[in-house]
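Below are the chains, spelled out letter by letter.
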Amino acid sequence: MRFEALSVFPEFFDSYLDMSIMGRARKRSVFEFVAHDLRSWTHDRHNTVDDSPFGGGQGMLMKPAPLFEAIEDISSRGEARPHVVFFSPCGRPYCQAVAEELSHKNRILLVCGRYEGMDERAYELADDIVSMGDYVLTGGELAALCVIDSVVRLLPGALGDEMSAKDESFSDGLLEYAQYTRPAVFRGRAVPEVLLSGNHAAVDAWRRRNAIERTARWRPDLLEVAELTDEERAFAERSMREERQ
Ligand code: SAM
C-alpha cells in the first residue's frame, strides 16, 4: 500500500509515521509514504497557493491551479492512478467501515486542505471526500494521519502477532470490552473475578456481554446495525433501558 500526501506542510508527517507501530510497519514495507509539497506546482516568486474568495468573506482559499497541476502530475506517475481523497467537514463521515474500504486500495493520495478551504472546482478531482467529525481542524494533515494510521492497522503484518485489529472497537459493530492489567485490586477496585479464572469460554462470554453493555451506554446507535443473536439483542435492549433510567 502506498500513501501520498499533498500538503503545504510536507514535513508534518514523518515524526508520527516513523514511531511505534507505524514506524515498524513502514520499516517492514507494510506501507510506503511520500509527502508532496503543493508549492512545487506554483509558478510565481512567492510560491503562492492561496487567494481571497470572490464575493468577499473571511480568510483565504486554496487556488485551483496548483491543486489541479499537482494532482494531475502525481496521478500520471507510477503504474496505478491513486485513489484521491480530499478532506472537508462537508465530506462523508470517516469510520472503521471507510478505513476497511480504503485498506483494499493500492495507492491513496491524501489532499490536505488549509486556510478556509479550497476553490470548489478542485473537488472535481476527488474520488472521495471525508470528514473526521463535526468540528473544524486547521488543516487536513491531521485528518490524513488519522486515515493512514487507521488503514495501516488493518494491513497484514502491521500489528505484531500478539495484537489483532479483529478484536478492536467497531470491528464487530460494537465498542471494545473493558480491559484490566495488574494489580488485581487497585485502590480498592477489583478486576472482575471471571478475568482471573483462567476459564477462556467464561472470559469470552463476559467480554461479549461487556462490549454490548458499553455500546448500549455510550453508542446505542451502533446497536441498531450490530450483528447480535436474539438473546444478545434482548440483553442490549435491557441495557439501553437501564441506561435511560
Ligand atoms: N471553512 C471550512 C468549513 O467551514 O467547512 C473549514 C476549513 S478548515 C479551517 C481547513 C481544512 O482543514 C479543510 O479544507 C480540510 O482539509 C481540513 N479539515 C478541517 N476540518 C475537518 C474535518 N472535520 N474533517 C476533515 N478535514 C477537515
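Residues numbered from 1 in each chain as written. Predicted model: local features only at pLDDT ≥ 70, side-chain atom pairs only at ≥ 80, totals over all residues. Heavy atoms only, no water.

Student: Could you give me a rundown of the site of the ligand, with the residues and numbers involved?
Tutor: Taken together, 18 residues sit near the ligand, with Phe87, Glu116, Met132, Tyr135 and Leu137 positioned nearest. Glu116 places a polar main-chain atom, nitrogen or oxygen, 2.9 Å from a nitrogen atom of the ligand. Take Leu137: an N or O atom from its main chain is 2.9 Å from a nitrogen atom of the ligand. Considering the ligand on its own, with 590 Å² of exposed area, one finds that the protein chains cover 85% of that surface. Elements represented by at least two residues in the shell around the ligand include exactly strand 5 (83–93) and strand 7 (128–131). Considering each element in turn, the shell around the ligand owes the most residues, three residues, to strand 5. Broken down by class, the residue content of the shell around the ligand amounts to eight nonpolar, eight polar and two charged. (Near = heavy atom within 4 Å. Polar contact = N/O pair within 3.5 Å; in protein donor to acceptor, adjacent residues only side chain to side chain. Areas by Shrake-Rupley, 256 points an atom, 1.4 Å probe, with all protein chains shown as cover. Helix = DSSP H or I, 4+ residues; strand = E, 2+ residues; numbered from the N terminus. Nonpolar A, V, L, I, M, F, W, Y, C, P; charged D, E, K, R; others polar.)

Student: Hey, could you go over the packing of helix 6 (residues 200–218) against helix 8 (residues 230–244) for me, with residue numbers and the actual values?
Tutor: Close contact between helix 6 and helix 8 brings their axes to 9 Å; oriented N to C, the two are set at 40 degrees. One element, helix 6, and the other, helix 8, form an angle in the oblique class. Judged by the twist between their axes, the crossing of helix 6 over helix 8 is right-handed. Residues Arg208, Arg209, Ile212, Glu213, Ala216 and Arg217 of helix 6 touch helix 8, and the partners they reach there are Glu232, Phe235, Ala236, Arg238, Ser239, Met240 and Glu243. Of the residues that constitute the contact of helix 6 with helix 8, the class distribution is five nonpolar, one polar and seven charged. (Axes fitted to C-alpha atoms, helices over the stretch in contact; angles between N-to-C directions. Parallel < 35°, antiparallel > 145°, perpendicular 65-115°, else oblique. Left-handed = near helix turned anticlockwise from the far one by under 90°. Contact = heavy atoms within 4.5 Å.)

Student: I'd like to hear about the domain arrangement of the chain, residue by residue, with values.
Tutor: Taken domain by domain, the chain holds domain 1 (2–152) and domain 2 (169–244). Centre-to-centre, using C-alpha coordinates, domain 1 lies 37 Å away from domain 2. (Domains from an automatic or database assignment.)

Student: Please set out the sheet that holds strand 2 (residues 32–37) residue by residue, giving values where relevant.
Tutor: The strand order across the open sheet formed by five strands is 2-1-6-5-7, and the pairing between neighbours is parallel. Two strands lie at the open edges of the sheet, namely strand 2 and strand 7, each paired on one side alone. Pairwise comparison of adjacent strand axes, ignoring direction, gives a mean angle of 30 degrees for this sheet. Direction of pairing for strand 1 (residues 2–7) relative to strand 6 (residues 107–111): parallel, over a ladder of five bridges. Note that in strand 6 the partner of Phe3 across the bridge is Ile108. Those strands touched by helix 3 (residues 64–76) are strand 1, strand 2, strand 5 and strand 6, and its axis lies near 170 degrees from that of strand 6. (Pairing = 2+ DSSP bridges.)

Student: Break down the packing of aromatic side chains for me, citing the residues and quoting the values.
Tutor: Counted according to the given criterion, the structure contains four aromatic pairs. Centre to centre, the rings of Phe12 and Phe13 are 5.3 Å apart; their planes meet at 80 degrees, and the pair counts as edge-to-face. We classify Phe13 as buried; its relative accessible area is 0%. On the basis of an interplanar angle of 50 degrees and a centroid distance of 5.5 Å, the ring pair of Phe86 and Tyr123 is categorised as tilted. Taken as a pair, Phe86 in strand 5 and Tyr123 in the loop between strand 6 and strand 7 lie far apart in primary sequence, 37 residues in all. Considered together, Phe86 and Tyr123 belong to a single accessibility category, that of buried residues. Of the aromatic side chains, those joined through ring pairs into one cluster are Phe12, Phe13 and Phe33. Taking the ring centre of Phe235 as reference, the NZ or CZ of Arg209 above it sits at 3.9 Å. The ring of Trp218 carries the charged tip of Arg217 above its face, separated from the ring centre by 5.0 Å. (Phe/Tyr/Trp six-rings, centres within 6.5 Å; stacked < 30°, edge-to-face > 60°. Buried < 20%, exposed > 50% of the residue type's maximum accessible area, 1.4 Å probe, protein only. Lys NZ or Arg CZ within 6 Å of the ring centre and 35° of its normal.)

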